[in-house]
Amino acid sequence: NFATANLTVLDTIAGGAGTDILSLSNDNTVIDADFTLVTSVETVTAAGDMDSTITLGALAAAAGVATVTLTGEGVGDTDTLTVGAGFTSALTVNLDDDVAANTVSAAAYTGVLTINADDTELDTTASTLTGGTGTSDVLAITVTGGTIAAADLANVTAIENFNTVA
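Summary of the structure given here. As the structure is a computational prediction, the values presented were derived from the model and not from experiment. (Residues numbered from 1 in each chain as written. Predicted model: local features only at pLDDT ≥ 70, side-chain atom pairs only at ≥ 80, totals over all residues. Heavy atoms only, no water.)

Turning next to the overall build of the protein chain. Scanning the protein chain for helices and strands turns up one helix and 15 strands. Rg of the C-alpha trace for the protein chain: 15 Å, near the compact-globule value of 15 Å for 166 residues, within the 12% margin. Dimensions along the principal axes, computed over C-alpha positions, put the protein chain at roughly 45 × 35 × 25 Å. Looking at the protein chain as a whole, 42% of its 166 residues qualify as buried. Put simply, 56% of the contacts in the protein chain that link residues at least 6 apart link residues at least 24 apart. Accessible surface, the protein chain as shown: approximately 7,000 Å² in total, 56% of it carbon and sulfur. (Helix = DSSP H or I, 4+ residues; strand = E, 2+ residues; numbered from the N terminus. Rg over C-alpha atoms; globule rule 2.2 N^0.38 Å. Buried < 20%, exposed > 50% of the residue type's maximum accessible area, 1.4 Å probe, protein only. Contact = heavy atoms within 4.5 Å. Areas by Shrake-Rupley, 256 points an atom, 1.4 Å probe, with all protein chains shown as cover.)

Moving on to the nonpolar core. Counting residues in each nonpolar core, the largest one holds 37 residues, and the members touching the most others are F35, L56 and L91. Taken together, the elements giving at least two residues each to this core come down to β2 (21-24), β5 (43-46), β6 (52-56), α1 (58-63), β8 (79-83), β9 (91-94), β11 (113-118) and β13 (138-142). With residues near it in sequence (within four places) discarded, L56 still touches D32, F35, V65, V68, L81, T82, V83, G84, F87 and L91. (Core = buried A, V, L, I, M, F, W, Y, C linked by side-chain atoms within 4.5 Å.)

To continue, consider the pairing of β9. Covered by surrounding structure in β9 are L91 and V93 only, the residues T92 and N94 on the alternate face being uncovered. Pairing analysis gives three bridges linking strand β7 (residues 67-69) to β9, with the strands arranged parallel. Across the sheet, T67 pairs through a bridge with T92, a residue of β9. With four bridges connecting them, β9 and β11 associate as parallel partners. Its bridge partner lying in β11, L91 is registered against L113. (Pairing = 2+ DSSP bridges.)

Another aspect to go through is the side chain of N102. Tracing the sequence through the fold places N102 in strand β10 (residues 102-105). Only 2.9 Å separates the side chain of N102 from the side chain of D96, close enough to count as a polar contact. Among all residues touching N102, those that are not within four sequence positions of it are L70, D79, L95, D96, D97, S127 and T128. (Polar contact = N/O pair within 3.5 Å; in protein donor to acceptor, adjacent residues only side chain to side chain.)

A few words now on the environment of A63. Looking at the secondary structure, you find A63 in helix α1. Along the primary structure A63 and L153 are separated by 90 residues, whereas in three dimensions their C-alpha atoms are 32 Å apart. Setting aside anything within four residues of it in sequence, one finds A63 in contact with F35, V38, T39, S40 and V41.

Strand order in the open sheet made by the six strands is β3-β6-β8-β10-β12-β14, with parallel pairing throughout. Pairing within the sheet leaves two strands with one partner each, and these edge strands are β3 (28-30) and β14 (156-157). Where β8 meets β10, four bridges bridge the pair, whose relative direction is parallel. The residue bridging D79 from the neighbouring strand is N102, located in β10.

In structure tokens form, the structure reads like this:
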């Protein structure tokens, strides 16, 4: 558990067996270089209602990152995830409430991107969700009774598969 200013290229983090979580305790900016001495950490997230700006590349992939869970849920909260070409592992992104728009930008990413969202996380503000260069990216929508209009998905591009889960 780190405050964003305390997570640097000098921090050694070695996760163990199972799923290990790097959690940010405040609004945060995490860059790929922050993963320089990180190993066996599968999930990156933040404390509840925190804004995240995260960039993943080759170092995050080498660290074992497989899941990013966004948590900024208040009015004005925004989360931005950029997945670079150097990040080649499969990646799952869990969206948060869409009171403010989320951005997932993976235009240069070559791996398989899965974005998970409840229908109520897509029915208020049009998040910008950009898949990668492959043909296997997925937007998995859990149906909870919300209504998603076409305008809510207007900023979704390069995601080839839409799946619903009841």
